[in-house]
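Remarks on the overall topology
What follows is the residue order along each chain.
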Amino acid sequence: FPQTINPFSSSNKENKAKVKAEHEDHHQACQFSVIEDPLTGETYEKGRLLGKGGFALVYEVFSTGSKSQFADKVIKKSVILKKKTTLEKVRREIAIHQQMNHVNVVQFHKHFEDLHHIHIVMEYCAKKSLLHVMKYQKRFTEAATRGYLNQICLGVQYIHSVGILHRDLKLGNMFLTDDDIVKIGDFGLATHVDDVTSSTLCGTPNYIAPEVLLKKDHGVEADIWAMGCMTYAMLVGKPPFETSSLDSTYNKIATNDFTLPEFMSDSARSFICQLLDPEPKRRGNLNPLPNGSNLLNHTFLTTDLSRKRDERRLPFKPLVQPNGRV
Ligand code: ADP
């Protein structure tokens with residue numbers, strides 16, 4: 001199994017404290033109110049801090065001329081210059097993200113550098129991510145999950161169609177606009193399909209597929225696996241292979257050991273089992289072929305039946321009957 005940071009070890013606590021201190025330091029260094037692209041002279045007014053990533057702070061910014069709102073991912077040069085692989089990772093993220101153009105992918109606007117920072121200016125997603133939305137709800141209904149998943153499938157299908165693997169599809173990277181359009185973001189682990197070998201993955205995806213875990217060659221199927229994990233997490237409220245230790249989670253993934261709760265509809269069960277198939281070749285696919293095997297044609301995504309079933313299974317006795325009688 002890959003050597004990853006164990007989130008339960010004390011050294012990881014120290015690591016977390018270090019990252020927090022770096023963020024504080026970075027935030028202090030970002031106390032400027034206007035950001036300027038030194039090459040074009042274009043300026044942005046800085047707004048709220050939207051969130052923190054591995055080595056970036058993300059701010060709301062407004063273009064001074066048009067007043068358009070964007071999210072600016074600000075990466076401190078001194079941090080990424082400490083490690084050669086980190087600089088490569090940022091370069092690759094920019095190169096890949098700037099090629100993307102799809103309604104279900106966070107739109108890349110521009111990138112530029114000033115003396116101390118690299119800026120990635122992109123579409124602003126007011127509702128942050130599906131992970132943030134889930135914090136306020138235990139789990140999503142099948143109808144809501146279907147609505148999000150149809151969009152995720154279209155976004156992933158597009159990303160694959162231009163020869164890119166995302167490799168870190170997770171709820172925290174599914175951004176949401178004010179009108180609930182899902183936008184896939186964070187291309188920090190993405191790569192070209194042709195560049196993949198069993199050892200090219202630098203970083204650990206959240207929802208790691210068995211073939212990646214076992215260091216076999218991997219392809220688009222690893223993204224499909226992650227979509228299966230996201231579907232499960234949305235419907236159940238926790239990831240399919242979650243345990244209290246990383247090793248036992250990896251064992252569960254390697255042995256395909258997950259359980260589907262009783263409340264899940266047959267179509268949702270069938271959908272998840274197609275995505276979490278341990279054999280990549282058998283896993284559901286998003287190939288735009290009219291042979292009916294495409295996941296977008298699965299009944300879970302096309303039917304309205306599960307929504308009605310959800311409504312019939314209310315966990316309480318309604319006070320007002322559907323026909324209005326009390
Ligand atoms: P990293 O790749 O370093 O993990 P992310 O790209 O995930 O960083 O961004 C970190 C946080 O910043 C996100 O969790 C979110 O809260 C916020 N954020 C990132 N991109 C956007 C965006 N386009 N719109 C709004 N908030 C964003």
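Rules of the game
Residues numbered from 1 in each chain as written. Predicted model: local features only at pLDDT ≥ 70, side-chain atom pairs only at ≥ 80, totals over all residues. Helix = DSSP H or I, 4+ residues; strand = E, 2+ residues; numbered from the N terminus. Buried ≥ 20, exposed ≤ 12 C-beta atoms within 10 Å, placed from the backbone. Contact = placed C-beta atoms within 7 Å. Pairing = 2+ DSSP bridges. UniProt positions renumbered as here; feature names shortened; annotations may be inferred. Near = placed C-beta within 6 Å. Nonpolar A, V, L, I, M, F, W, Y, C, P; charged D, E, K, R; others polar. Arc of directions from axis to C-beta. Core = buried A, V, L, I, M, F, W, Y, C linked by C-beta atoms within 7 Å. Axes fitted to C-alpha atoms, helices over the stretch in contact; angles between N-to-C directions. Parallel < 35°, antiparallel > 145°, perpendicular 65-115°, else oblique. Left-handed = near helix turned anticlockwise from the far one by under 90°.

**Here we look at the overall build of the protein**
When its secondary structure is counted, the protein shows 11 helices and 10 strands. Looking at the 326 residues of the protein, the share that counts as buried comes to 33%. Long-range contacts, defined here as pairs at least 24 residues apart, represent 59% of the contacts in the protein between residues at least 6 apart.

**Remarks on the pairing of strand β4 (residues 69–76)**
Burial analysis of β4 places six of its eight residues in the buried class, which makes it a mostly covered element. In the sheet, strand β3 (residues 56–63) pairs with β4 via seven bridges, with the strands oriented antiparallel. Following the sheet pairing, Val58 is matched in β4 by Lys73. Two elements, β4 and strand β6 (residues 117–123), share seven bridges in a ladder whose sense is antiparallel. For Ile75, the partnering residue across the bridge sits in β6 and is Ile118.

**A few points about the UniProt feature "binding site: ATP" (unreviewed entry) in the protein**
The positions UniProt marks with the feature "binding site: ATP" (unreviewed entry) are Lys82. Along the polypeptide, Lys82 turns up in the loop between α2 (77–80) and α3 (84–97).

**Considering the site of the ligand**
In the neighbourhood of the ligand, 21 residues make up the surrounding shell, with Gly51, Gly53, Val58, Ala71 and Cys125 lying closest. Sorting the residues of the shell around the ligand by element identifies β2 (43–52), β3, β4 and β6 as the ones contributing at least two each. Take the shell around the ligand: its biggest share by element is three residues, from β2. Looking at side-chain class alone, the shell around the ligand contains nine nonpolar, seven polar and five charged residues.

**A short note on helix α9 (residues 266–275)**
Taken residue by residue, α9 has Ala268, Phe271, Ile272 and Leu275 as its buried positions. Seen end-on, α9 carries its buried residues on one side only, within an arc spanning 95 degrees.

**Here's the deal with the environment of Gly284**
Within the secondary structure layout, Gly284 lies in the loop between α9 and α10 (299–302). In contact with Gly284, not counting residues within four places along its chain, are Ile224, Gln274, Leu275 and Leu295.

**Brief notes about the nonpolar core**
Of all hydrophobic cores here, the largest spans 69 residues; its most connected members are Ile152, Val156, Trp225, Ala226, Met227 and Met230. With 13 residues, the top contributor of residues to this core is helix α7 (residues 220–236). Filtering out sequence-adjacent residues up to four positions away, Trp225 remains in contact with Tyr207, Ala209, Leu275, Leu276 and Arg283.

**Focus on unusual backbone geometry**
If you check the backbone angles, Lys67 has positive phi at about 65 degrees while not being a glycine. Within the secondary structure layout, Lys67 lies in the loop between β3 and β4. Positioned with a positive phi, Arg167 is a non-glycine residue whose angle comes to about 70 degrees. For Arg167, the location among the structural elements is in the loop between β7 (164–165) and β8 (174–176).

**Overview of the sheet that holds strand β5 (residues 108–113)**
Ordered in space as β1-β2-β3-β4-β6-β5, the six strands form an open sheet in which the pairing is antiparallel. With partners counted over all chains shown, the strands left at the sheet margins are β1 (34–36) and β5, one partner each. The sheet shows a mean angle of 35 degrees between the axes of neighbouring strands, direction not considered. When β1 meets β2, the two strands line up antiparallel, connected through three bridges. Paired with Val34 across the two strands is Glu45, which belongs to β2.

**Describing the packing of helix α5 (residues 142–161) against α7**
Running from N to C, α5 and α7 point in directions that differ by 165 degrees, and their axes come no closer than 11 Å. Taken together, the axis directions place α5 and α7 in an arrangement best described as roughly antiparallel. Once α5 is placed against α7, the crossing between them reads as right-handed. The segment α5 lies against α7, with Glu142, Thr145, Tyr148, Leu149, Ile152, Val156 and His160 engaging Val220, Asp223, Met227, Thr231, Met234 and Leu235. Among the residues making up the contact of α5 with α7, the classes are represented as eight nonpolar, three polar and two charged.

**Some remarks on the packing of α7 against α9**
Closest axis-to-axis distance for the α7/α9 pair is 8 Å, and the angle between their directions is 145 degrees. You can see that α7 and α9 cross each other, and the crossing is left-handed. Residues Ile224, Trp225, Met227, Gly228, Thr231, Tyr232 and Leu235 of α7 form the contact with α9, whose own contacting residues are Ala268, Phe271, Ile272 and Leu275. Of the residues in the contact of α7 with α9, the class split is nine nonpolar, two polar and no charged.

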